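Tertiary structure, described
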Amino acid sequence: MKKKIQIGLLMGLGVLSSLIFVACGPDARLDLVGNISGTSPRIDQRLADSEKYNASHPFVTLRAADENYRVYVCTDTHITTDMSRWGSFVDAYRQDMSCPVAVHLGDVVDAQNHFQDVHKAFEAMPKNPLKKDTVMVVAGNHDICFSQWPAFLETFKTSTYYFIVETPQGQRDLYIMFDSADGTVGSKQLKWLEETLEWAEGENFRHIVGCTHTHFFMRDGSQGVATNFSIEETYALLNLFQSHGVDMVWTGHDHSREVTQYKDMTCIIVDSMTDKDKKPHYMVATVGEKITFDFVPVVVK
């Protein structure tokens, strides 16, 4: 009887550990109620919410000013009240006339009640009157935990979509934004990815880039097993993307930069920009006949 009790206790602790890791990571508050009652909606519901918005808002085509343009990419800002690092990133891409779009790969905020603050600060930051201001965002695990998905949805409207950047000479690049905030794309979103990539094959895009929060590869392991893809799902996504000509996949989540080559596809984990980081960076991708990238240190004025 004593052994049975011990085994039962260990199993119970194992389930609790899984819930802690899946919720938001080993250093975050546990959204245990959300995991049990569903107050943090899982991927199928988030996909349905995103597609509801998408149905009445066609995906956009952005115009680059140059044949070689730049995309500024950040992730894991984990904003609470300090907007200085986020402000530095916003100021950098707004002043770059060769940047038609910036991308945030998720974990915009750290905990509850900050999406509205981020939006207000963003609107108050100095704008460049000579260019349009576009930031594309996907949700991260911190953006959906603690019942925050409705606030993310109100602020950013969708987390599954794509956009196109077109150059003056008519070259078109496709950027696929997909939701992996709880460590899976789900079967329904996987079908959406398959259909989108099959459609893209007939569109003669110069480049295809996948953008999501959860990384495909991880050597650092700073986030433990928090909302990571299963091995089987990683394999399926890698082969789906590589077989359909995806050039790059940009991700975050791990808080530690990594660049991994899988056949002819480059998978990048971008540095985080949290207040805890001693050397925060963002990425600037230069898109032309090839895509090159640099990691730029955040300069807080």
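Scroll up a little and you will see the structure.
On a predicted model such as this, the values are computed, not experimentally measured, just so you know.

We now examine the sheet that holds strand 10 (residues 265-269). Here we have seven strands laid out as an open sheet, ordered 1-5-6-7-8-10-9, and mixed in their pairing. The open sheet has two free edges, formed respectively by strand 1 (61-63) and strand 9 (258-262), since each of these has just one partner strand. The mean inter-strand angle of the sheet, taken between neighbouring strand axes irrespective of direction, is 20 degrees. Two elements, strand 9 and strand 10, share five bridges in a ladder whose sense is antiparallel. The partner of valine 259 across the bridge, within strand 10, is isoleucine 268. Packed onto the sheet, helix 9 (residues 231-243) meets strand 7 (207-211), strand 8 (248-251), strand 9 and strand 10 and runs at close to 130 degrees relative to strand 10.

This part covers the packing of helix 3 (residues 43-56) against helix 8 (residues 186-201). Viewed as axis vectors pointing N to C, helix 3 and helix 8 meet at an angle of 45 degrees, and their least axial separation amounts to 7 Å. It follows from the interaxial angle that helix 3 and helix 8 lie oblique. On helix 8, the residues that touch Ile43, Asp44, Leu47 and Glu51 of helix 3 are Gly186, Lys188, Gln189 and Trp192. In terms of residue class, the contact of helix 3 with helix 8 is made up of three nonpolar, two polar and three charged.

Okay, the sheet that holds strand 2 (residues 69-74) next. Here five strands make up an open sheet; going across it, the order is 4-3-2-11-12 and the pairing mixed. Since the sheet does not close on itself, it has two edges, and those belong to strand 4 (135-137) and strand 12 (291-297), each with one partner. Taking the axes of each pair of neighbouring strands and ignoring which way they run, one obtains an average angle of 25 degrees across the sheet. Alignment of strand 11 (residues 281-287) against strand 12, held across seven bridges, turns out to be antiparallel. Counted as the bridge partner of tyrosine 282 is valine 296 from strand 12.

This part takes up the layout of surface pockets. In this structure, the largest pocket encloses a volume near 550 Å³. Around the largest pocket sit 26 residues that line it, and Val135, Met136, Thr155, Phe156 and Lys157 are the ones nearest its centre. If you list the elements that add at least two residues to the lining of the largest pocket, you get helix 3, helix 5 (115-124), strand 4, helix 7 (149-156) and strand 5 (161-166). With five residues, the single largest contributor to the lining of the largest pocket is helix 5.

Before going further, it helps to examine a negative patch on the surface. A cluster of acidic residues, Glu194, Glu195, Glu198 and Glu201, forms a negative patch at the surface. Considering the arrangement of structural elements, one finds glutamate 198 in helix 8.

Here histidine 114 is to be found in the loop between strand 3 (101-104) and helix 5. Note on histidine 114: relative accessible area 14%, which makes it buried. Not counting residues up to four positions away in its chain, the partners in contact with histidine 114 are Ile79, Thr80, Thr81 and Val109.

Further remarks concern the nonpolar core. Core analysis: the largest hydrophobic core is formed by 27 residues, its most contacted members being Tyr72, Trp86, Phe89, Val90, Tyr93, Val118 and Tyr282. Counting residues per element, the ones that place at least two in this core are strand 2, helix 4 (84-95), helix 5, helix 7 and strand 11. For tryptophan 86, the residues in contact, after removing those within four places along its chain, are Cys74, Thr77, Ile79, His104, Val118, Phe122, Met125 and Met273.

Looking now at the packing of aromatic side chains. Applying the stated rule across the entire model yields 20 aromatic pairs. Judged by centre distance (6.3 Å) and plane angle (40 degrees), the rings of phenylalanine 217 and tyrosine 262 are tilted. With phenylalanine 217 in the loop between strand 7 and helix 9 and tyrosine 262 in strand 9, the pair connects residues that are 45 residues apart, well separated along the chain. Given the relative accessible area of 25%, phenylalanine 217 is considered partly exposed. For tyrosine 262, a relative accessible area of 17% gives the class buried. Three or more aromatic residues link up through ring pairs in this structure, and these residues are Tyr72, Trp86, Phe89, Tyr93, Phe122 and Tyr282. Residue placement shows arginine 46 over the ring face of tryptophan 149; its charged tip is 6.0 Å from the ring centre. The ring of phenylalanine 122 has arginine 94 sitting right over it, with the charged end atom 4.5 Å from the ring centre.

Attention now moves to helix 5. Burial in helix 5 covers these residues: Phe115, Val118, Ala121 and Phe122. In an axial view of helix 5, the angular spread of the buried residues amounts to 130 degrees, which keeps them on one side of the axis. Facing away from the buried side of helix 5 by over 90 degrees, the exposed positions are Gln116, Lys120 and Ala124. Looking at the buried residues of helix 5, the elements they touch are helix 4, strand 4, helix 6 (141-144) and helix 7.

Cut-off values and rules
- Residues numbered from 1 in each chain as written.
- Predicted model: local features only at pLDDT ≥ 70, side-chain atom pairs only at ≥ 80, totals over all residues.
- Heavy atoms only, no water.
- Pairing = 2+ DSSP bridges.
- Helix = DSSP H or I, 4+ residues; strand = E, 2+ residues; numbered from the N terminus.
- Axes fitted to C-alpha atoms, helices over the stretch in contact; angles between N-to-C directions.
- Contact = heavy atoms within 4.5 Å.
- Parallel < 35°, antiparallel > 145°, perpendicular 65-115°, else oblique.
- Nonpolar A, V, L, I, M, F, W, Y, C, P; charged D, E, K, R; others polar.
- 1 Å grid on protein atoms, 1.4 Å probe; cavity = no way out; pocket = protein on both sides within 12 Å on 5 of 7 lines; lining within 4 Å.
- Points joined across faces, edges and corners; volume = space filled by probe spheres on them.
- Patch = residues over 30% accessible without salt bridge, like charges linked within 9 Å, V, L, I, M, F, W, Y side chains within 5 Å.
- Areas by Shrake-Rupley, 256 points an atom, 1.4 Å probe, with all protein chains shown as cover.
- Salt bridge = Lys/Arg side-chain N within 4 Å of Asp/Glu carboxyl O.
- Lys, Arg positive; Asp, Glu negative; His and termini not counted.
- Charge placed at Lys NZ, Arg CZ, Asp CG, Glu CD.
- Buried < 20%, exposed > 50% of the residue type's maximum accessible area, 1.4 Å probe, protein only.
- Core = buried A, V, L, I, M, F, W, Y, C linked by side-chain atoms within 4.5 Å.
- Phe/Tyr/Trp six-rings, centres within 6.5 Å; stacked < 30°, edge-to-face > 60°.
- Lys NZ or Arg CZ within 6 Å of the ring centre and 35° of its normal.
- Arc of directions from axis to C-beta.

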